[in-house]
Amino acid sequence: MQTPFFSVVIPTLDEEKTLPKLLQDLASQTFFFFEVIVVDGGSRDRTVNIAREFAQKNTQFLVSSSAEKNVSVQRNHGAKQSRGEYLVFIDADTRIPSYYLEGLHYNLMKKEIDAFTTLATPDSPRTDA
């Protein structure tokens with residue numbers, strides 16, 4: 001297997017409703033040289049089972065567990081397991097277009113970039129989060 005260009009790290013905690021949408025978005029990417037590392041912080045719902053189902057179908061998906069329910073610890077745990085040249089941290093309730101990783105790759109090849117972020121637009125006007 002080729003070394004992935006991106007390692008996508010997704011920290012999770014009780015994300016059974018949102019995680020499948022993001023994992024499907026990742027499975028539908030037009031750029032193929034990436035791995036996905038789901039790091040669960042002790043979910044009590046079906047989050048881990050859902051992630052494992054995707055991992056069975058997609059060899060570049062990995063499911064791991066963190067000893068702590070802490071998003072920073074989970075991201076660091078995923079980063080330590082990563083093999084990619086670049087780390088991409090995505091929250092489980094995020095949606096991305098099919099060209100997301102291809103666009104990141106394009107910009108990285110076009111410019112010398114050490115770090116970047118992307119604009120996230122909520123899909124609802126809810127402000128009581």
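Provided above is the structure to which this section pertains.
This section reports on the structure supplied with the text.

**Observations regarding helix 4 (residues 100-110)**
No. 1: Burial in helix 4 covers these residues: Y100, L101, L104 and L108. Projected down its long axis, helix 4 shows its buried positions confined to an angular sector of 95°, all on one face. Those residues of helix 4 that are exposed and angled more than 90 degrees off the buried face are M109 and K110.
No. 2: Of the surrounding elements, those touching the buried residues of helix 4 are strand 1 (6-12), helix 1 (19-27), strand 2 (34-40) and strand 4 (86-89).

**Comments concerning the pairing of strand 1**
No. 1: The buried fraction of strand 1 is high, at seven of seven residues.
No. 2: Burial along strand 1 is two-sided: the residues F6, V8, I10 and T12 and S7, V9 and P11 are all buried.
No. 3: As paired strands, strand 1 and strand 2 are joined by seven bridges and run parallel to one another. Residue pairing for strand 2: T12 is matched across the bridge by D40.
No. 4: You can see the chain leave strand 1, run along helix 1 and come back into strand 2, and the turn it takes is right-handed.
No. 5: Bridge count for strand 1 against strand 4 is four bridges, and the pairing is parallel. From the neighbouring strand, F6 faces strand 4, where its bridge partner is Y86.

**Some words on the packing of aromatic side chains**
No. 1: Going through the model one piece at a time under the given rule, you end up with seven aromatic pairs.
No. 2: A ring pair is formed by F5 and F31, whose centres lie 6.1 Å apart and whose planes are at 70°; its orientation type is edge-to-face. Of the two residues, F5 sits in the segment before strand 1 while F31 sits in the loop between helix 1 and strand 2, which places them 26 residues apart along the sequence. Taken individually, F5 and F31 each receive the classification buried, so the pair is uniform in this respect.
No. 3: Relative to F31, the ring of F6 has its centre 5.7 Å away and its plane inclined at 65°; by these criteria the two rings are edge-to-face. In this pair, F6 sits in strand 1 while F31 sits in the loop between helix 1 and strand 2, placing the two residues 25 residues apart along the sequence.
No. 4: Overall, F31 belongs to the buried group, its relative accessible area being 9%.
No. 5: Of the aromatic side chains, those joined through ring pairs into one cluster are F5, F6, F31, F33 and Y86.

So, how was this worked out
- Throughout this description, residue numbers start from 1 for each chain and increase along the sequence as written.
- Totals for whole chains, interfaces and linings use all residues, but because this is a predicted model, local features are given only for residues with pLDDT of at least 70 and pairs of side-chain atoms are given and counted only at 80 or more.
- The side-chain figures draw on all heavy atoms in the structure; neither hydrogens nor water molecules are used.
- A simple rule labels every residue: compare its accessible area, found with a 1.4 Å probe on the protein chains alone, to the largest value its type can have, and call it buried under 20%, exposed over 50%, or partly exposed in between.
- Where helices and strands are cited, they refer to DSSP runs of H or I of at least four residues and of E of at least two residues respectively, numbered from the N terminus.
- To obtain the arc, one takes the directions from the helix axis to the C-beta atoms.
- The contact criterion used is simple: two residues touch if any of their non-hydrogen atoms lie within 4.5 Å.
- We treat two strands as partners when DSSP finds at least two bridges between them.
- Crossover handedness is defined here as right-handed if the route from the first strand over the helix to the second strand goes clockwise, with the strands pointing away from the viewer.
- Between 30 and 60 degrees the pair is tilted, below 30 it is stacked and above 60 it is edge-to-face, where a pair is any two Phe, Tyr or Trp rings, Trp via its six-membered ring, whose centres lie within 6.5 Å.

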